[in-house]
Amino acid sequence: MYWSRVKTILIVLFLCINIFLLINMMITVNRTIVISTETVRNTIEVLQKNDITIKAEDIPTKIEQLSKLEIDNAIQDTDNFAEKVLGKGFDKQKAEGTNIYELGTATLKITGCEFIYTNTAAAPELSVLNADTAEQYCKKLLKRWGLNIENLVLSDTEQKKDDTYLLTFQYKYRDKNIYINQDNGIKIELSSEGSIFLKGYALAPRKLVSEKVPGRQATSILIEFIRDPSRPKDQEMTITDFCIGYYIDTKRDIIDFTYVKVSPVWRVMTDDGRVYYYDAVRSVEKSVK
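### Things to note about the packing of aromatic side chains
Under the defined criterion, the tally for this structure stands at nine aromatic pairs. Pairing Phe-242 with Trp-266 gives two aromatic rings, centres 4.6 Å apart and planes at 25 degrees, and the pair type is stacked. Remark: Trp-266 occurs in strand β15 (residues 264-270) and Phe-242 occurs in strand β13 (residues 237-248); sequence separation between them is 24 residues. Classification of Trp-266 as buried rests on a relative accessible area of 3%. Above the face of the Phe-225 ring, Arg-231 is positioned so that its terminal group lies 5.6 Å from the ring centre.

Rendered as structure tokens:
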């Protein structure tokens, strides 16, 4: 008698759980897939009327749940960082907020999270230089300096004249790029003669903070791009990159920080080299050239 009641209760309980899971799945699907093919097609037509071209497959049809990202300045102690880069016994001076360290043929300048390193006679490993050895050398160098290379992805390698390679590393967090002004993170130029020039930002993405909220539709961002007063008018252009990432404006007021919370943005890049950023959550016009 009691076993029959228990079975009935269990059946009802499992039925309620299955209904809950089904509803939750339907809500998730409804939140993520919201842009119809017709809306994408209409947006492309409006863009074309304004001399803007983009491929349909480059327009995301899903709305992501987004939150802010907390990022640490990886250079909390400039002297300690300088010792990792140059070694002990360096000379130090300060000028207009910039710490300048020198040792032998090497110089390191640190301004907040930005650092510039030059060495006219770097390690002998550079005597055999190609695309593979350049990447290996740079990753080893950055790791020795205490930078988290797990958040750095090699985005471009360019061979220049006189056996010189220029490598660009992009900061990422959970497959989303972190943009610093118009820079990609860290640029390193290596010469087969042994010289090295490095300029970049020392960032340490920590964690996502704040409650996740639905992001803005990709099509609404494209319409905002059409209206953007900073966009050149009466000029044909093609959107070459369109994605969500995080943006740090170090030129504004946060180059010298311990940690900072940054919001997600939509990044629009065109074939004329211009880049535009738009808030990915709030409906506020915002662009940066």
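### Let's talk about the side chain of Glu-70
Assignment of secondary structure puts Glu-70 in strand β2 (residues 65-73). There is a polar contact of 2.6 Å between the side chain of Glu-70 and the side chain of Arg-206. Among all residues touching Glu-70, those that are not within four sequence positions of it are Pro-205, Arg-206, Lys-207, Val-209, Tyr-259, Val-260 and Lys-261.

### Quick word on the environment of Val-85
Checked against the element boundaries, Val-85 lands in helix α3 (residues 78-86). Residue class for Val-85 comes out buried when judged on its relative accessible area of 9%. The spacing of Val-85 and Arg-144 is 59 residues in sequence and 7.9 Å in space, taken between C-alpha atoms. The residues touching Val-85, leaving out its near neighbours within four places in the chain, are Leu-108, Tyr-117 and Trp-145.

### Let's talk about the environment of Asn-181
Structurally, the position occupied by Asn-181 is in the loop between β9 (176-180) and β10 (185-191). Distance in space between the C-alpha atoms of Asn-181 and Val-275 is 9.8 Å, their sequence separation being 94 residues.

### Observations regarding the pattern of salt bridges
Close approach of charged atoms lets side chains of opposite charge pair. Per the counting criterion, the structure on display carries nine salt bridges. Linking Arg-206 and Glu-70 is a salt bridge whose minimum nitrogen-to-oxygen distance equals 2.6 Å. Separated by 136 residues along the polypeptide, Arg-206 in strand β12 (residues 203-214) and Glu-70 in strand β2 bring together distant segments of the chain. Arg-274 serves as the salt-bridge partner of Asp-272, at 3.9 Å between the closest nitrogen and oxygen. In this structure Asp-272 comes out as partly exposed when scored by relative accessible area, which is 32%.

### Some points on the sheet that holds β2
In a beta sheet, neighbouring strands are held together by backbone hydrogen bonds and run either parallel or antiparallel to one another. Here three strands make up an open sheet; going across it, the order is β12-β2-β14 and the pairing antiparallel. Each edge of the open sheet is held by one strand with a lone partner, namely β12 and β14 (259-262). In this sheet, adjacent strand axes meet at a mean angle of 20 degrees when their direction is disregarded. Sheet topology places β2 next to β14; four bridges connect them, and they run antiparallel. Bridge pairing links Leu-69 to Val-262 in β14.

### Some remarks on the packing of helix α2 (residues 37-49) against helix α5 (residues 218-227)
Where α2 meets α5, the axes come as close as 10 Å, and the angle between the chain directions of the two elements is 10 degrees. Of the possible angle classes, the one that applies to α2 and α5 is roughly parallel. Residues Thr-39, Thr-43, Val-46 and Leu-47 of α2 form the contact with α5, whose participating residues are Thr-219, Leu-222, Ile-223 and Ile-226.

Thresholds applied
Residues numbered from 1 in each chain as written. Predicted model: local features only at pLDDT ≥ 70, side-chain atom pairs only at ≥ 80, totals over all residues. Heavy atoms only, no water. Phe/Tyr/Trp six-rings, centres within 6.5 Å; stacked < 30°, edge-to-face > 60°. Helix = DSSP H or I, 4+ residues; strand = E, 2+ residues; numbered from the N terminus. Buried < 20%, exposed > 50% of the residue type's maximum accessible area, 1.4 Å probe, protein only. Lys NZ or Arg CZ within 6 Å of the ring centre and 35° of its normal. Polar contact = N/O pair within 3.5 Å; in protein donor to acceptor, adjacent residues only side chain to side chain. Contact = heavy atoms within 4.5 Å. Salt bridge = Lys/Arg side-chain N within 4 Å of Asp/Glu carboxyl O. Pairing = 2+ DSSP bridges. Axes fitted to C-alpha atoms, helices over the stretch in contact; angles between N-to-C directions. Parallel < 35°, antiparallel > 145°, perpendicular 65-115°, else oblique.

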